[in-house]
Each structure stands twice: as structure tokens, then as C-alpha cells.
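What follows is the residue order along each chain.
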Amino acid sequence: MVFSLLLSYSWFIIITYISNGSLLAGVSLIKKMKGSRLRKLLLTPIDFNRKFTDDQLIIGDHKPVAGIMITAFWSVLFSLIYHETFAYFLPFAVFLGDIAGSFLKRRLRIKHGRPLFIVDQINFFAAGYLIVLYLGIAFPLIDFLQLAVITIFVHIGTNAFAYKIGIKDEPW
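No experiment lies behind these values; they were computed from the predicted model shown. (Residues numbered from 1 in each chain as written. Predicted model: local features only at pLDDT ≥ 70, side-chain atom pairs only at ≥ 80, totals over all residues. Heavy atoms only, no water.)

1. Considering helix α7 (residues 141-164)
A rise of 1.5 Å per residue sets the reference length of α7, with its 24 residues, at 34 Å; its end C-alpha atoms lie 34 Å apart and thus fit the reference within 8%. Where α7 is concerned, the buried positions are D143, F144, L147, A148, T151, I152, H155, N159 and A162. Against α1 (2-8), α2 (10-31) and α6 (119-134) lie the buried residues of α7. Once α7 finishes, G166 follows within two positions and takes phi at roughly 90°, a positive value. (Helix = DSSP H or I, 4+ residues; strand = E, 2+ residues; numbered from the N terminus. Expected span 1.5 Å × (residues − 1). Buried < 20%, exposed > 50% of the residue type's maximum accessible area, 1.4 Å probe, protein only. Contact = heavy atoms within 4.5 Å.)

2. Side note on the environment of I68
Position of I68 relative to the elements: it lies in helix α4 (residues 65-82). The partly exposed category is assigned to I68, whose relative accessible area is 38%. I68 has contacts with I46 and F95, leaving out every residue within four places of it along the chain.

3. Description of the packing of aromatic side chains
In this structure the tally under the stated criterion is 19 aromatic pairs. On the numbers, 5.0 Å between centres and 85° between planes, the contact of F12 with F139 is edge-to-face. Here the residue F12 occupies a position in helix α2, and F139 occupies one in the loop between α6 and α7, the gap between them amounting to 127 residues. Aromatic pair Y88 and F89: ring centres 5.2 Å apart, planes at 90°, arrangement edge-to-face. Judged by relative accessible area, Y88 falls into the partly exposed class, the value being 36%. One cation-aromatic arrangement involves R107 over F103; the distance from NZ or CZ to the ring centre is 4.5 Å. (Phe/Tyr/Trp six-rings, centres within 6.5 Å; stacked < 30°, edge-to-face > 60°. Lys NZ or Arg CZ within 6 Å of the ring centre and 35° of its normal.)

4. Quick word on the pattern of salt bridges
Close approach of charged atoms allows side chains with opposite charge to pair. Inspection of the entire model under this criterion finds three salt bridges. A salt bridge links D98 to K63, with the shortest nitrogen-to-oxygen separation between them at 2.6 Å. Placement of the pair is D98 in helix α5 (residues 85-107) and K63 in the loop between α3 (37-42) and α4, with a sequence separation of 35 residues. Assigned by exposure class, D98 and K63 land together as buried. In this structure, K105 engages D120 in a salt bridge whose closest nitrogen and oxygen atoms are separated by 3.0 Å. Here K105, found in helix α5, pairs with D120, found in helix α6; they are 15 residues apart in sequence, far enough to count as distant. Owing to a relative accessible area of 9%, K105 belongs among the buried residues under this scheme. (Salt bridge = Lys/Arg side-chain N within 4 Å of Asp/Glu carboxyl O.)

5. What about the environment of A160?
Within the secondary structure layout, A160 lies in helix α7. Taking the C-alpha atoms as reference points, A160 and A87, separated by 73 residues in sequence, lie 28 Å from one another.

6. Section: the packing of α5 against α6
For the pair α5 and α6, the least separation of the axes is 7 Å and the interaxial angle reads 135°. The orientation of α5 with respect to α6, classified from their angle, is oblique. Here α5 runs over α6; the crossing is right-handed. Contact with α5, carried on its side by F89, L90, A93, V94, G97, D98, G101, L104 and K105, involves V119, D120, N123, F124, A127, G128, I131 and V132 of α6 and no other residues of that element. Counted by class, the contact of α5 with α6 contains ten nonpolar, four polar and three charged residues. (Axes fitted to C-alpha atoms, helices over the stretch in contact; angles between N-to-C directions. Parallel < 35°, antiparallel > 145°, perpendicular 65-115°, else oblique. Left-handed = near helix turned anticlockwise from the far one by under 90°. Nonpolar A, V, L, I, M, F, W, Y, C, P; charged D, E, K, R; others polar.)

7. Points about unusual backbone geometry
A positive phi angle is found at D55, which is not glycine, with a value near 65°. By the secondary structure assignment, D55 is in the loop between α3 and α4. Although it is not a glycine, H83 adopts a positive phi angle of roughly 55°.

What follows is the structure in C-alpha cells.
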């Protein structure tokens, strides 16, 4: 049953997982670039370190311009592979879900790098689900919920691995 579910929604899983994971990997690679102006531009926070009405950063310095460029890359690539509208919009939804999670954490005064269980694990996945529904693609809620539970465990495991190999600063 689980295998059938994973197979049925493999298009969704592939796009959301790759789009989300590549943000971390891509930004990690850019951080290793030595002192170039391009590096500085790519690592510029998308909120330009502006503060919200609560005097906290809107999103924070860990969501850089590079994230938009990486997202655009995956949007174009997946559009070419799948030849479907969802393939273009899904990576952007993943990025926006990640940003929404950061926005929420800043409002709750949770510092960058500190965990907010469940939100951290499925914000990107839930945003992807919402865009798929908006585009009119049939995706029953029960299927999403089952995949979300799987995603929580996959996310925890991949983050621990990324921490172990030095891509992440925290294991969560």
C-alpha cells in the first residue's frame, strides 16, 4: 500500500523533495565561494534584513536571493521534463512554503536554526499540495496526509545526514 502511494505521487515527491533539498545544498555551495561580489549578491537575504511590525526580521538572513535562482532553475527543468503546468509552479510553492515557515518562526520569536517540529518538516510539502489543488489536480487529502507522515521521517533523516556531512549547522 505504501509503495503504491509513493508510486502514484512520485511526480509530486520528486519535485518537492528535490526542490527543497537543493535549496540547502545550493546555498551551502555558494557559501564556500571565496570573497566574490557574486557570492555576496547570491547570499543577500530576500527580505534585505528588514524588520516586521514586531521588530523581528521578516524572514531572516538564511533565505537568500540564491534560493529564488535555484527555484527558477528547477521550475524550468521540471517543466521541460514533465511538460505540465504543475511542474513549473511546484518548485516556487516549495520555496514559498519554506519562507512561510521562516516567517512564522520569526513571529513566534524562534531563532534561525532552532526547530519548530512539524512546521519545519512539512511546510514545503504542504505548500506544494496547496498549489496542486489550486491547479485543479486531483490529490485526495488522505493521500496527502499519509505522504506528509512519511515526509516528516524522511526530512528528519535527510537533515541528520546533511548535518553529518557538514551541509547543515544543526541536525534538525
